[in-house]
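# Understanding the architecture of this molecule
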Amino acid sequence: MTRSILITGGARSGKSRLAERRALAPCGRAIYIATAEIYEDDVEMAARIAEHRARRGDGWRDLHAPRDLGAALRASDGDLPRLVDCLTLWLTNLLLAEADWRAEVQALVQEIARQRAPVIFVSNEVGAGIVPENRLARSFRDAAGWMNQAVAEACDEVWLAVAGYPVKVKPNEHTF
Amino acid sequence: MTRSILITGGARSGKSRLAERRALAPCGRAIYIATAEIYEDDVEMAARIAEHRARRGDGWRDLHAPRDLGAALRASDGDLPRLVDCLTLWLTNLLLAEADWRAEVQALVQEIARQRAPVIFVSNEVGAGIVPENRLARSFRDAAGWMNQAVAEACDEVWLAVAGYPVKVKPNEHTF
Amino acid sequence: MTRSILITGGARSGKSRLAERRALAPCGRAIYIATAEIYEDDVEMAARIAEHRARRGDGWRDLHAPRDLGAALRASDGDLPRLVDCLTLWLTNLLLAEADWRAEVQALVQEIARQRAPVIFVSNEVGAGIVPENRLARSFRDAAGWMNQAVAEACDEVWLAVAGYPVKVKPNEHTF
C-alpha cells in the first residue's frame, strides 16, 4: 500500500488540486494540514487560502502546523489520509524562525517512515529559473531543493505536476 | 484524431521547433498564428520573430492575433493545422490591455472544443523559479499557470519540452 | 553502448549525484572534469566544490577545464567514464571571457561524436522562471537553453532530474 506521496511542481501547476484528489480517493474524507503562517496583513496569502478552502469543499478536517509538522503527523495518524500543503511554506517558516532546518527535515523524514495512514505532501519547484542575485534567495532555493530530495527519498511515490497533470517521477520503470 | 495539442516548457526549451514539426506532419503545410504584439523599439522580439520565420521556411501562411485569438481560430479552421505561438504572449497582451483575461481564457477553451482542424498551442513554464519579489510578476505567473491548466484540460495532448525533446504529460498511462 | 548522456534539472535537483552514480556504474572509477572557475573570494562556490568532492569519495581522478572542455575530453578519452560538471558554468565562463560561445558549443557537439569512452554531462534548467528584467540574464538563459538543446541532440540519452530522481527525456518511447 502506498503510504507517502510527494507532489512537486512550479507555482500554479495544479499540485494542490492533484493532492486533494489523491487524498480523497480512498474514502472521500481527509485531513488537511496547512503550513501557511497567517500574517494579518498578508492579503495575497489570505486570498489563496480562502480559494483553496472553497475549492476543497466538504469532507475535510483542517489542522494548522506552520512549524511542528512532525507533531501534526503523529496526532493525525488514524484512519484518514493527510494532505500537507505545503512543505515549501513550512521550510520558509523554519528559516524565518532561524531553526535548524536540516535537523527538522531529517526528523520529518524519520516521521514519514513511522506513519501508518497515507500522507500526501505538496512542495514547490523553485530552482529552474535564473540564479537569483539575492544571496538569501539562493540559500532558500538550495534548502528547498535539498528538502525535496530528502522527502522524495522517504516517499513511496513522487509526481511532477505540469499544467494540472501528473508526470510520474518515482517509482519509475526506466533503468537509469 | 488528435485535434488540439499543448506544448509547454521553459524559455529556449525547443517548444516552437517541436510545435512546427507537429503542425507540418500531416501535409507539409500549416498556418502560423503569431500572438506577439510588435512594438517598434523591441529589437529582441523582432530578432526572435525573424529567427523563427527563417527557421520555419516555406509551407506556412502567417496570421497575426495579438488579442483576438478566438476569431483567428474560427477564421482559419479549414484544411490546415494551425500553430499558435504563443499563449504566454497572448496572455501578456490581455493583461497589458487590462482585459478580463479569465473570461478570455474561458472563451478560448470553448473555442478549442469547436475546432475541426488541428491546432497546436505553444506556452511557457514561468512558475518553477524563486517567488518573484515584484507583485506584478507574481500575478502574471499565477495567471500563466492558471491559463496553462485550463488549456491543458481542453487539449487532447500535452507535452513538456526539455532540451528540445518532448516529455509526454497527457494522455498518460500512469495511474495517479 | 551508451556513450554520451546529458542530465539536466533545476538547482539542487540531484543532477550531480545522479551523474556520479552513472559515471561509477561500469567500473567504480571515473574522471571528474570540473568546469568551475575558482575565484579567491567566492566562498559559496568553494563550499559547494568541497561538498561535492567529499560526497564523491575515492575512485575519482580530477581534471579542471573551465574553458577548453574539448581538449579535456580528448585528453581523457581512455578506459574510464568522464563526468563534466557542469555545462552551465562552462558557458558562463565563455560568456564572461566574451568568447564565441556558439562556435564553442558547435565544437563541443563535434567532439562528443568523436568520444570513445562514456561521458556524462550535467547542465542546469534556468528557463522555467519568470522572464528576468535584466537583459544580460535574458541573454544567458537563451544561450543556456540553446546549448542544452544542441548537447541533447548530440547525446544518446537525456534525463531530467526532479527531486533526486531521473525522468527519461531521450530516447523516449512515446510517438510525438
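Residues numbered from 1 in each chain as written. Chains lettered and ligands numbered in written order. Predicted model: local features only at pLDDT ≥ 70, side-chain atom pairs only at ≥ 80, totals over all residues. Heavy atoms only, no water.

- Labelled according to an unreviewed UniProt entry, chain A appears under the name Bifunctional adenosylcobalamin biosynthesis protein, originating from Alloyangia mangrovi.
- In its Function (unreviewed entry) section, the UniProt record describing chain A reads: "Catalyzes ATP-dependent phosphorylation of adenosylcobinamide and addition of GMP to adenosylcobinamide phosphate."
- Per UniProt, chain A carries the Sequence similarities (unreviewed entry) text "Belongs to the CobU/CobP family." (UniProt positions renumbered as here; feature names shortened; annotations may be inferred.)

### Examining unusual backbone geometry
- Cis rather than trans, the peptide bond between D85 of chain A and C86 of chain A has omega equal to 0°.
- Residue K170 of chain A is joined to P171 of chain A through a cis peptide bond whose omega torsion reads -5°.
- Within the secondary structure layout, P171 of chain A lies in the segment after β7 (165–170).
- Positive phi outside glycine occurs at E98 of chain B, with the angle close to 55°.
- As for its placement among the helices and strands, E98 of chain B is situated in the loop between α4 (87–96) and α5 (101–114).
- Classification of E98 of chain B by relative accessible area gives exposed; the value is 74%.
- The backbone of A163 of chain B shows a phi angle near 50°, a positive value even though the residue is not glycine.
- Residue placement: A163 of chain B occurs in the loop between β6 (157–162) and β7 (165–170). (Helix = DSSP H or I, 4+ residues; strand = E, 2+ residues; numbered from the N terminus. Buried < 20%, exposed > 50% of the residue type's maximum accessible area, 1.4 Å probe, protein only.)

### Some details on the sheet that holds strand β5 (residues 119–124) of chain B
Residue and element names in this part refer to chain B.
- On the basis of which strands lie adjacent, the open sheet formed by seven strands has the order β3-β2-β4-β5-β1-β6-β7 and mixed pairing. Each end of this open sheet is capped by a strand with a single partner; those strands are β3 (60–64) and β7. Neighbour to neighbour, the strand axes of the sheet diverge by 25° on average, direction disregarded.
- The strands touched by α4 are β1 (4–9), β4 (82–85) and β5; relative to β5, the strand with the most contacts, the crossing angle is about 70°.
- Contacting β1, β5, β6 and β7, helix α6 (residues 135–154) crosses the sheet at an angle of about 145° to β1. (Pairing = 2+ DSSP bridges. Axes fitted to C-alpha atoms, helices over the stretch in contact; angles between N-to-C directions. Contact = heavy atoms within 4.5 Å.)

### Some thoughts on the interface of chain A and chain B
- Every contact between the two is made by 31 residues of chain A and, on the other side, 25 residues of chain B.
- Summed over both partners, the interface of chain A with chain B comes to about 2300 Å²; 61% of that surface belongs to carbon and sulfur atoms.
- The largest per-residue losses of area from chain A upon contact with chain B belong to R12, E44 and Y165 of chain A, which jointly make up 27% of the total buried on that side.
- Along the contact surface separating chain A from chain B lie three salt bridges.
- Linking D142 of chain B and R12 of chain A is a salt bridge whose minimum nitrogen-to-oxygen distance equals 3.7 Å.
- Here chain A and chain B share nine residue pairs in polar contact (both at pLDDT 80 or more) between them. (Buried area = accessible area lost by both parts, 1.4 Å probe. Salt bridge = Lys/Arg side-chain N within 4 Å of Asp/Glu carboxyl O. Polar contact = N/O pair within 3.5 Å; in protein donor to acceptor, adjacent residues only side chain to side chain.)

### Section: the pattern of salt bridges
- Across all of its chains, the model carries 33 salt bridges over all chains by this definition.
- One salt bridge connects R138 of chain A with E44 of chain C, and the closest N-O pair in it is separated by 2.5 Å. Here E44 of chain C lies in helix α2 (residues 43–56) and R138 of chain A lies in helix α6 (residues 135–154), a pairing that spans two chains.
- Between R53 of chain B and D62 of chain B there is a salt bridge, with the nearest N and O atoms lying 3.4 Å from each other.
- For D62 of chain B, a relative accessible area of 35% puts it in the partly exposed group.

### Some points on the sheet that holds β7 of chain A
Residues and elements named next belong to chain A.
- Pairing is mixed in the open sheet, where seven strands are placed in the order β3-β2-β4-β5-β1-β6-β7. Each end of this open sheet is capped by a strand with a single partner; those strands are β3 (60–64) and β7. Each strand of the sheet is rotated relative to its neighbour by a mean of 25°, with strand direction disregarded.
- As judged from the five bridges shared by strand β2 (residues 30–34) and β3, these two strands associate in the parallel manner. If you follow I33 over to β3, its bridge partner there is L63.
- Relative to β3, helix α2 (residues 43–56) is tilted by about 155°, and along the sheet it contacts β2, β3 and β4 (82–85).

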